[in-house]
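Residue strings, one per chain:
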Amino acid sequence: MFPKIPYKSFCWVIGTTSFRTAQLNLKTEQQLLLLSQFQKNYTSWQWTNNAELQEDYYNYLQENQFVKGEANNKSKDAREKTSGLVDIGLLTKDRQLTEVSHLLLNTEQLISKEENLFYIDKDSYIYLLQLLKTSLSIDDKVVRPYIILAKYLNKFDYLSFDEFRYILPITNSEKDFEELCKEIQKLRENKITINDILFNHLMTFDNYKKAKELFLTHSVSEDLVCTIGMNRKSKQYDKPYFILYELLYAVFIEKKDVTLDLLNAINKLNQTKSEWKKLIFKNSIRSYIAKNKLNAIQEDNPFANCQNEQEFKEVFFKYLHLFKAIATLKDYFDLNRRYLSLTDTLLFDEQSVKFDVVSKYFFKLYQNHLDNIAFIQNLDLNKFVAIENILNVKEIDIEKLYALISKELGITFNSPQQLNQYVQDERHQRFNQLIKKKFTDNILIELLNCFESRNDDRIRELVTDNAEIYSIFEYIVGIIWYKVSEQKGNILDYMQLSLDAQLLPKSHAQGGGADIIYQYDACEFYPKHTLLIEPTLADGNNQRRMEMEPVSRHLGDYRLKYKNPYDYSLFVSTFLHKNVVSDFRYRKNMPYFGKDDEMIDGLKIISLDTKNLKNILQNKMFYSKLYRIFEKYHQQDLTVSIQDWQQNLIEEATGSYLIK
């Protein structure tokens with residue numbers, strides 16, 4: 001038996017991999033609300049070391065459809081689902097809501113998106129303040145992940161995904177930061193690889209040094225391999241690596257053809273098997289290996305040059321721990337990205353991460369203050385703290401910030417309004433590029449097909465997994481109508497949706513108005529007016545119950561408020577219920593009453609389904625034509641049957657009559 005060599009964390013992660021979730025904004029808010037409601041059932045509260053209470057909370061989450069299936073260990077699952085919220089200060093260690101979480105659920109008390117310095121949503125601003133304070137303990141060290149990332153972005157302007165994935169989380173001290181900055185520079189000059197950086201970093205830790213020395217100075221046995229593997233859970237989990245060692249030794253030192261046995265051994269390694277396959281085999285398909293035997297081995301793999309057992313052991317030790325580290329960091333990548341993205345200050349695009357406009361220059365201005373706090377704990381994590389107090393400055397120097405941005409961009413900004421306009425223009429340009437790259441007509445048509453068949457997995461794959469499907473539907477309808485309108489107007493203002501920094505939709509627990517309010521200036525084709533677009537995925541009787549009254553009410557109230565008789569609504573669904581179409585059609589002659597007996601003499605509501613939208617896209621039917629067609633059919637006599645009226649409207653609006 002060999003003395004135990006303890007595992008020590010070499011990297012950090014925000015949250016826990018046991019609870020990885022899409023729609024992090026929504027899930028966070030939902031869980032805070034559920035926990036708040038759950039706690040009302042208790043006059044006294046003691047979470048720590050209370051497995052019964054934790055299990056009850058899990059059952060409560062299950063009853064409210066927050067979790068699916070059945071956890072093997074409910075109390076553990078309950079702890080894991082809340083631990084990430086403890087990390088970022090939304091819950092205390094005893095799982096009580098904090099001052100910050102109450103603000104998150106009641107953002108009306110905060111300054112608006114237009115008023116905060118970063119021009120981000122209120123909830124995003126709360127997350128930014130929290131992530132600036134959030135610190136994690138790595139053995140005897142303290143790190144603040146967001147601030148470390150900010151330091152890297154100040155230094156390099158961007159990080160590649162590989163740098164974000166493998167280098168950012170292993171930065172545990174100022175010394176690490178300085179050394180890894182040098183390594184990133186070498187990496188970008190192709191003088192070093194990510195594998196080199198990772199393994200060299202691991203070998204700065206005493207436990208890895210001891211493990212390597214032990215391995216190189218003793219005969220290899222199962223117990224030795226399990227000891228130097230330093231598995232976090234139990235040394236027993238590393239038994240498959242002893243089998244791997246023996247088979248690799250047989251192939252590369254003894255030149256035996258046990259390649260299929262080697263493939264079988266690698267397949268039992270779970271998280272690291274893909275890395276081992278890429279290292280050893282030209283092609284890891286079983287039939288290929290069976291046919292080619294030793295010729296299936298990569299000629300340039302590092303084991304091929306080993307002349308003796310000592311050299312072989314050096315290589316084995318390196319890749320044993322390198323691939324374990326890679327697997328861990330790959331596992332952490334998504335969690336770190338999701339939590340840091342909550343701030344909506346980071347752009348993850350084309351395999352790189354960088355700051356948005358304001359954040360870039362703000363953190364550049366306060367670089368020295370970031371240096372001072374990057375590796376110390378903030379003791380006010382659970383409290384709402386102003387950004388100047390987090391950075392330890394007397395006040396934010398807006399004039400210096402404007403001067404820096406003006407200098408860097410070559411544009412003079414004299415007021416918040418001017419900078420805000422620049423930010424909005426930049427977002428609009430990015431949105432147009434996003435549509436061009438990500439939402440071609442073919443992709444939009446595929447998405448409409450997916451909404452019709454409710455292929456939700458494919459929808460999330462094509463758009464985002466950070467929003468509910470109904471929010472994604474509204475977003476896609478908005479993009480389609482922007483194209484139909486020949487990309488005129490500010491669609492980002494028109495879509496009443498929360499968008500993340502990537503300009504993709506995100507969902508919130510509290511919901512809110514999500515109609516598309518498209519505004520048109522007067523031109524030769526139509527008068528000045530507003531089009532309220534009401535997308536829904538409700539069908540059948542649900543559509544009658546959920547949409548008939550709200551659609552007409554939204555339009556009626558809007559007409560009463562803005563007094564423009566040309567304002568009207570477009571109802572869009574995957575399926576149109578006949579009674580819904582009929583009801584909207586007959587609103588033409590039905591008065592709508594507001595407060596104090598205000599009255600509108602009839603409403604204009606047009607109905608289209610997703611099949612119609614596909615035809616409109618395919619046949620290039622632009623709004624300059626559609627407005628006239630919609631108005632023509634709105635003015636038609638109600639004596640025309642609803643079936644004929646709707647069918648004729650659809651054929652003309654979609655251009656179907658052109659291709660009969």
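For the structure given in this document, a descriptive report is provided here. (Residues numbered from 1 in each chain as written. Predicted model: local features only at pLDDT ≥ 70, side-chain atom pairs only at ≥ 80, totals over all residues. Heavy atoms only, no water.)

Looking at the overall build of the chain
Of regular secondary structure, the chain possesses 30 helices and eleven strands. With the C-alpha coordinates aligned to their principal axes, the bounding extent of the chain is approximately 95 × 70 × 60 Å. Counting the 660 residues in the chain, one finds 55% classified as buried. Put simply, 67% of the contacts in the chain that link residues at least 6 apart link residues at least 24 apart. Here the chain has roughly 30800 Å² of accessible surface; of this, 45% comes from carbon and sulfur atoms. For the chain, the distance from the average position of its 86 positive side-chain charges to the average position of its 90 negative side-chain charges is 4 Å. (Helix = DSSP H or I, 4+ residues; strand = E, 2+ residues; numbered from the N terminus. Buried < 20%, exposed > 50% of the residue type's maximum accessible area, 1.4 Å probe, protein only. Contact = heavy atoms within 4.5 Å. Areas by Shrake-Rupley, 256 points an atom, 1.4 Å probe, with all protein chains shown as cover. Lys, Arg positive; Asp, Glu negative; His and termini not counted. Charge placed at Lys NZ, Arg CZ, Asp CG, Glu CD.)

Side note on the pairing of strand 7 (residues 529-536)
The buried fraction of strand 7 amounts to eight of the eight residues, a majority that puts the element mostly inside the structure. Residues His529, Leu531, Ile533 and Pro535 point to one face of strand 7 and Thr530, Leu532, Glu534 and Thr536 to the other, with burial holding for every one of them. Bridge count between strand 6 (residues 516-520) and strand 7: five bridges; the pairing is antiparallel. Along strand 7, the bridge assignment pairs Tyr518 with Leu531. Here strand 7 runs beside strand 8 (residues 568-573); their pairing, made up of six bridges, is parallel. (Pairing = 2+ DSSP bridges.)

Considerations on the nonpolar core
The biggest cluster of nonpolar side chains holds 152 residues, and the ones touching the most others in it are Tyr152, Trp276 and Ile280. Here this core takes 16 residues from helix 16 (residues 309-341), the largest share from any one element. Ile435, Ile469, Phe584 and Ile605 belong to the second-largest nonpolar core, a separate cluster that totals 75 residues. (Core = buried A, V, L, I, M, F, W, Y, C linked by side-chain atoms within 4.5 Å.)

So, the side chain of Ser124
One can find Ser124 in helix 5 (residues 122-133). Overall, the relative accessible area of 0% leaves Ser124 in the buried class. Polar contacts involving the side chain of Ser124 include one to the side chain of Lys506, which spans 2.9 Å. Beyond its immediate stretch of four places on either side in the chain, Ser124 contacts Leu342, Thr343, Asp344 and Lys506. (Polar contact = N/O pair within 3.5 Å; in protein donor to acceptor, adjacent residues only side chain to side chain.)

Quick word on unusual backbone geometry
Although it is not a glycine, Asn49 adopts a positive phi angle of roughly 60°. Locating Asn49 in the fold gives a position in the loop between helix 1 (24-39) and helix 2 (51-63). The backbone of Gln487 sits at a positive phi, close to 55°, despite the residue not being glycine. Position of Gln487 among the secondary structure elements: in the loop between helix 24 (469-484) and helix 25 (491-494). What makes Gln487 partly exposed here is its relative accessible area of 35%.

A word on the pattern of salt bridges
Should their charged atoms come close, side chains of opposite charge can pair. Taken as a whole and judged by the stated rule, the model has 39 salt bridges. A salt bridge links Lys256 to Glu254, with the nearest nitrogen and oxygen atoms 3.4 Å apart. Given the relative accessible area of 41%, Glu254 is considered partly exposed. (Salt bridge = Lys/Arg side-chain N within 4 Å of Asp/Glu carboxyl O.)

Structural notes on the packing of aromatic side chains
Considering all chains together, one arrives at 51 aromatic pairs under this definition. Between the aromatic rings of Trp276 and Phe323, the centroid separation amounts to 5.1 Å while the plane-to-plane angle is 90°, which identifies the pairing as edge-to-face. Of this pair, Trp276 sits in helix 14 (residues 273-280) while Phe323 sits in helix 16, placing them 47 residues apart in sequence. Directly above the aromatic system of Phe66 lies the positively charged group of Lys27, at a separation of 5.3 Å from the ring centroid. The ring centre of Phe215 lies 5.3 Å from the NZ or CZ of Lys313, which sits over that ring. (Phe/Tyr/Trp six-rings, centres within 6.5 Å; stacked < 30°, edge-to-face > 60°. Lys NZ or Arg CZ within 6 Å of the ring centre and 35° of its normal.)

Some words on the sheet that holds strand 3 (residues 159-160)
On the basis of which strands lie adjacent, the open sheet formed by three strands has the order 3-5-4 and antiparallel pairing. Edge positions in the sheet fall to strand 3 and strand 4 (346-349), since each of these pairs with one other strand and no more.

Overview of a positive patch on the surface
A surface patch of like charges, here positive, comprises Lys76, Arg79, Arg232 and Lys233. Tracing the sequence through the fold places Lys233 in the loop between helix 11 (222-229) and helix 12 (239-252). (Patch = residues over 30% accessible without salt bridge, like charges linked within 9 Å, V, L, I, M, F, W, Y side chains within 5 Å.)

As for the sheet that holds strand 11 (residues 605-609)
Sheet architecture is open: four strands sit in the order 6-7-8-11, paired in mixed fashion. Whereas interior strands pair on both sides, the edge strands pair on one side only; in this sheet they are strand 6 and strand 11. Across the sheet, the axes of successive neighbouring strands diverge by a mean angle of 20°, strand direction being ignored. Sheet topology places strand 8 next to strand 11; five bridges connect them, and they run parallel. Counted as the bridge partner of Ser569 is Ile605 from strand 11. Lying on the sheet, helix 28 (residues 610-618) is in contact with strand 8 and strand 11; it crosses strand 11 at an angle near 85°. (Axes fitted to C-alpha atoms, helices over the stretch in contact; angles between N-to-C directions.)

With respect to helix 14
Glu275, Trp276, Lys277, Leu279 and Ile280 are the residues of helix 14 that are buried. At its buried positions, helix 14 is contacted by helix 12, helix 13 (259-267) and helix 16.

Observations concerning the packing of helix 12 against helix 16
At their nearest, the axes of helix 12 and helix 16 sit 11 Å apart, and the two run at 135° to each other. The angle between the axes of helix 12 and helix 16 places the two elements in the oblique class. For the pair helix 12 and helix 16, the crossing hand works out as right-handed. Side by side, helix 12 and helix 16 meet where Tyr241, Leu244, Tyr245, Leu248, Tyr249 and Phe252 of the first sit next to Glu309, Phe312, Lys313, Phe316, Leu320 and Lys324 of the second. In terms of residue class, the contact of helix 12 with helix 16 is built from nine nonpolar, no polar and three charged. (Parallel < 35°, antiparallel > 145°, perpendicular 65-115°, else oblique. Left-handed = near helix turned anticlockwise from the far one by under 90°. Nonpolar A, V, L, I, M, F, W, Y, C, P; charged D, E, K, R; others polar.)

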